[in-house]
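# Report on the structure
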Amino acid sequence: MKVSFSRKGAFEPTISWLKRQTRAVPKDILTQIGELGIESLRENTPKDTGETAMGWDYKVKSGNNPEIVFFNNAHPNEKVNIAKIIELG
């Protein structure tokens, strides 16, 4: 298969676009990781009533530095970090 390129003008926009594409993380991959994380958190949270275990959720933040943020919304009236309470007992 023969591939040829021709150019007209500067390559900077193309190079910039290619660099952004190599750093891009597909949102569907982060969503899959988020779902696996939720499953693991639910399995490993103590289950007296199951309310805290079922309260785990996540959000995918996109942009230059995509990330997954996990949080627990089971006890919104409490002013403490549920994850720290579970970890420290």
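Residues numbered from 1 in each chain as written. Predicted model: local features only at pLDDT ≥ 70, side-chain atom pairs only at ≥ 80, totals over all residues. Heavy atoms only, no water.

The helix and strand inventory of the protein chain stands at three helices and two strands. The linear arrangement of helices and strands in the protein chain, starting from the amino end, is α-α-β-β-α. The C-alpha radius of gyration computed for the protein chain amounts to 21 Å, which surpasses the reference 12 Å derived for 89 residues by more than 25%, pointing to a less compact arrangement than a globule. The dimensions of the protein chain, computed from C-alpha atoms along their principal axes, are 65 × 30 × 20 Å. Relative to its full complement of 89 residues, the protein chain shows a buried share of 17%. Within the protein chain, contacts between residues at least 6 apart in sequence are counted, and of these 37% link residues at least 24 apart. Here the protein chain displays about 7,700 Å² of accessible surface, and carbon together with sulfur accounts for 54% of that area. (Helix = DSSP H or I, 4+ residues; strand = E, 2+ residues; numbered from the N terminus. Rg over C-alpha atoms; globule rule 2.2 N^0.38 Å. Buried < 20%, exposed > 50% of the residue type's maximum accessible area, 1.4 Å probe, protein only. Contact = heavy atoms within 4.5 Å. Areas by Shrake-Rupley, 256 points an atom, 1.4 Å probe, with all protein chains shown as cover.)

If you check helix 2 (residues 27–44), its first and last C-alpha atoms are 26 Å apart, about what 18 residues at 1.5 Å a residue would give, namely 26 Å. All of the buried residues along helix 2 are L30, G34, G37 and I38. Taken around the axis of helix 2, the buried residues stretch over an arc of 105°, which confines them to a single face. Of the exposed residues in helix 2, those oriented more than 90 degrees away from the buried face are D28, L36 and E43. Close packing links the buried residues of helix 2 with strand 1 (56–61) and strand 2 (67–72). (Expected span 1.5 Å × (residues − 1). Arc of directions from axis to C-beta.)

The next point concerns the nonpolar core. Among the nonpolar cores identified, the biggest contains five residues, and these are L30, I38, W56, Y58 and V60. Among the elements of the structure, helix 2 and strand 1 are those that each provide at least two residues to this core. In terms of residue count, strand 1 provides more of this core than any other element does, three residues in total. Residues within four places of Y58 in sequence aside, it is in contact with T31, G34, E35, I38, I68, V69, F70 and F71. (Core = buried A, V, L, I, M, F, W, Y, C linked by side-chain atoms within 4.5 Å.)

Now for a nonpolar patch on the surface. Side chains of M1, V3 and F5 sit close together on the surface and give an oily, nonpolar patch of about 510 Å² of accessible area. Given the relative accessible area of 58%, V3 is considered exposed. (Patch = residues over 30% accessible without salt bridge, like charges linked within 9 Å, V, L, I, M, F, W, Y side chains within 5 Å. Salt bridge = Lys/Arg side-chain N within 4 Å of Asp/Glu carboxyl O.)

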